[in-house]
Amino acid sequence: MLDHLIRGVTVVNGTGAPAYVADVGIRDGRIAAIGPRITEDARTAEAASGLVLAPGFVDPHTHYDAQLFWDPYATPSLNHGVTTVAAGNCGFTLAPLNPQRPDDADYTRRMMSKVEGMSLVALEEGAPWSWNSFGEYLDALEGRIAVNAGFMVGHCALRRYVMGSDAVGGQPTRQQLDAMLGLLHAAMDAGAWGFSTTQSSSHSDGDGEPVASRHALPAELIALSRAVGEHEGTQIEAIVAGCLDQFSDAEIDLFVEMSAAAGRPLNWNVLTIDSSVPARVPRQLEASERARKAGGRIVALTMPILTPMNMSLGTFCALNLIPGWGPVLGLPVPERITRLGDPAVRAELVRRGQSEEAGVFRRLTDFGRYVIGDTYSAANEGLTGRVVEDIAAERGIDPFSCLVEICVADNLRTVLWPMPTDNDPASWTLRAETWRHEDVLLGGSDAGAHLDRMCGAPYTTRFLGDCLRGRKLVPLERAVQMLTDDPARLFGLRERGRVQEGFHADLVLFDPERIAADKATLVHDLPGDSPRLDAKAIGVTAVWVNGVEVIRDDTVTGAVPGTVLRSGRDTATVSTK
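Here is a short report on the structure shown in this document. Source: prediction; values computed, not measured.

## Some thoughts on the packing of helix α16 (residues 459–469) against helix α17 (residues 476–483)
Inference 1: For the pair α16 and α17, the least separation of the axes is 10 Å and the interaxial angle reads 165°. Overall, the two elements α16 and α17 adopt an arrangement that is roughly antiparallel. Of the two possible hands of crossing, α16 and α17 adopt the one that is right-handed. Contacts from Tyr459, Thr460, Phe463, Leu464, Cys467 and Leu468 in α16 reach Leu476, Ala479, Val480, Met482 and Leu483 in α17.
Inference 2: In terms of residue class, the contact of α16 with α17 is made up of 10 nonpolar, one polar and no charged.

Laid out in structure tokens, this is it:
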């Protein structure tokens, strides 16, 4: 007997093959039967004529490492059809923790709060922090999550465990490097997917210092990468400063050496595609071309949608990362207001923000295009939803001075929404061309991080809606493949990513006439009543993970059938040859 039968559904199986109508039966967590008419009895059944059944989506870049403890459903990703998430990215993980230094947990929480925009209160109250080894961390999640989740080992945690406070600023001795390698091997023996690191200048810890992995020299990174190659079903994920704009030769050399040393794919986040910077895409993909010649493989993640991100002059955000802005926006609020009130300071900030050194952050400095979000003072009544350029024209001042004036009236609490500059037809044409490259993969949501600033998790449903009823840049079958089988194959996921008999029944059922994502809204549902952005899924009828229904009509069912996916057991080696 089948556990569940879906009758008359349009199957888009994830391989890119044409859609077809069939019955699909689920039994014991697997896809047991696919056929024109299945007559076997089923405990439950539903008619699905006019709906599409696709494999569950695979998000290759998330930071759900902490959130899964207080939200085992990985919302809103699960609502939007994501059944498998890759976490432990950018060199940041909650394990291992050295049992001899209990204060390291506090350091880790403060680092994650700063660098990944997670609520410190939620980190303190929402996770048990009961582990030391990476294996113990994985065990703490086993059996209590609704999604499938795989985790890289973060370089920062390895360094901190072995080197303590010397991890920031110091270089390991031979013995310390051997200890790091031992920890990495132990983590991968326990099922870690591989190794992640960051060399990005945008990543600082809770003390404002460059995070530990940024102090690593190439020899350390190569040694750790080589260790990855000794384990089945492993990967590398890495971030460098050039990920935000264009790689330097040294950064490309580093990526190529790391991937070649491991004999494993290396993925990086995120390729920004903008027709106004035509040199960026070919430069970034040069890393992939060079890696192929050296026996490696480098994969660029890129988002198929424009993810809105809010800003504020009152709290840490992407504006702080613009060269020259951090020292001003990092001041106490009264001093910050005084400095921003100086016309010379504002002029210098604008100059630095629009200079070449600002890189991709130049996109944030067209202040006339900002839309005013939530406001908090009588002086700003009626400004919510208005464009700064229009307000500035009414006041007879330049857009940045106008923006500052509005924010000062709210004691810098004003929520600001920069409008993207890369929403033109030429940029979308360039995206469609870039997606065809064999080393470009859709993803990079950062779901689980930057919770009150952005909401990238709904990229799956928003992209499908755009493919079906919007720009129609790729057909539905290819769009589903890009969200399912492509990332599953990169990570070597065993028997996932396709609607195929014998595969795990990770499935999403949706209405092609409606599938989309609602706009992001701020909710206060984290531990400690902390805020985050959430977005409702539209047109998603149901989601199954390992054959168990976890979402019905955008509501979680309460079931937790997800698996902690462990390298070797649940992933196969993806060769770079």
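Back to the write-up after that little detour.
## Quick notes on the environment of Leu364
Inference 1: Its location among the elements puts Leu364 in the loop between α12 (343–353) and β14 (371–372).
Inference 2: Beyond its immediate chain neighbours, meaning those up to four positions away, Leu364 contacts Met311, Ala318, Leu319, Tyr370 and Pro418.

## Regarding the packing of aromatic side chains
Inference 1: Throughout the structure, instances matching the rule amount to 14 aromatic pairs.
Inference 2: A ring pair is formed by Phe134 and Tyr137, whose centres lie 5.8 Å apart and whose planes are at 50°; its orientation type is tilted. With Phe134 and Tyr137 both in helix α4 (residues 134–141), this residue pair falls three residues apart, about one helical turn.
Inference 3: Aromatic pair Trp325 and Phe367: ring centres 5.9 Å apart, planes at 20°, arrangement stacked. On the criterion of sequence distance, the pair formed by Trp325 in the loop between β13 (297–302) and α10 (326–329) and Phe367 in the loop between α12 and β14 is long-range, its members being 42 residues apart. In this structure, Trp325 and Phe367 share a single accessibility class: buried.
Inference 4: Taken together, the ring pairs connect Phe69, Trp129, Trp131, Phe134, Tyr137 and Phe151 into an aromatic cluster.
Inference 5: Positioned above the aromatic ring of Tyr376, the side-chain terminus of Arg413 is 3.8 Å from the ring centre.
Inference 6: Positioned over the ring face of Trp428 is Arg471, at 3.8 Å from the centre of the ring.

## Focus on the packing of helix α6 (residues 174–189) against helix α7 (residues 218–228)
Inference 1: Here α6 crosses α7 at 30°, and the two axes come no closer than 10 Å. Compared by their axis directions, α6 and α7 come out roughly parallel. Pair α6 / α7 crosses with right-handed handedness. Judged by residue contacts, Leu177, Met180, Leu181, Leu184, His185 and Met188 of α6 engage Glu220, Ala223, Leu224, Ala227 and Val228 from α7.
Inference 2: Residue classes in the contact of α6 with α7 are distributed as nine nonpolar, one polar and one charged.

## Thoughts on helix α14 (residues 399–409)
Inference 1: Burial in α14 covers these residues: Phe400, Ser401, Cys402, Leu403, Val404, Ile406 and Cys407.
Inference 2: In this structure, the buried residues of α14 make contact with α11 (333–340), α12, β14, α13 (388–395) and β15 (416–417).
Inference 3: You can read the cap of α14 off the contacts: a side-chain oxygen lies 3.2 Å from the backbone nitrogen of Phe400, and it is on Asp398.
Inference 4: Of the residues trailing α14, Asn411 is marked for its positive phi of about 55°.

So, how was this worked out
- Residues numbered from 1 in each chain as written.
- Predicted model: local features only at pLDDT ≥ 70, side-chain atom pairs only at ≥ 80, totals over all residues.
- Heavy atoms only, no water.
- Axes fitted to C-alpha atoms, helices over the stretch in contact; angles between N-to-C directions.
- Helix = DSSP H or I, 4+ residues; strand = E, 2+ residues; numbered from the N terminus.
- Parallel < 35°, antiparallel > 145°, perpendicular 65-115°, else oblique.
- Left-handed = near helix turned anticlockwise from the far one by under 90°.
- Contact = heavy atoms within 4.5 Å.
- Nonpolar A, V, L, I, M, F, W, Y, C, P; charged D, E, K, R; others polar.
- Phe/Tyr/Trp six-rings, centres within 6.5 Å; stacked < 30°, edge-to-face > 60°.
- Buried < 20%, exposed > 50% of the residue type's maximum accessible area, 1.4 Å probe, protein only.
- Lys NZ or Arg CZ within 6 Å of the ring centre and 35° of its normal.
- Polar contact = N/O pair within 3.5 Å; in protein donor to acceptor, adjacent residues only side chain to side chain.

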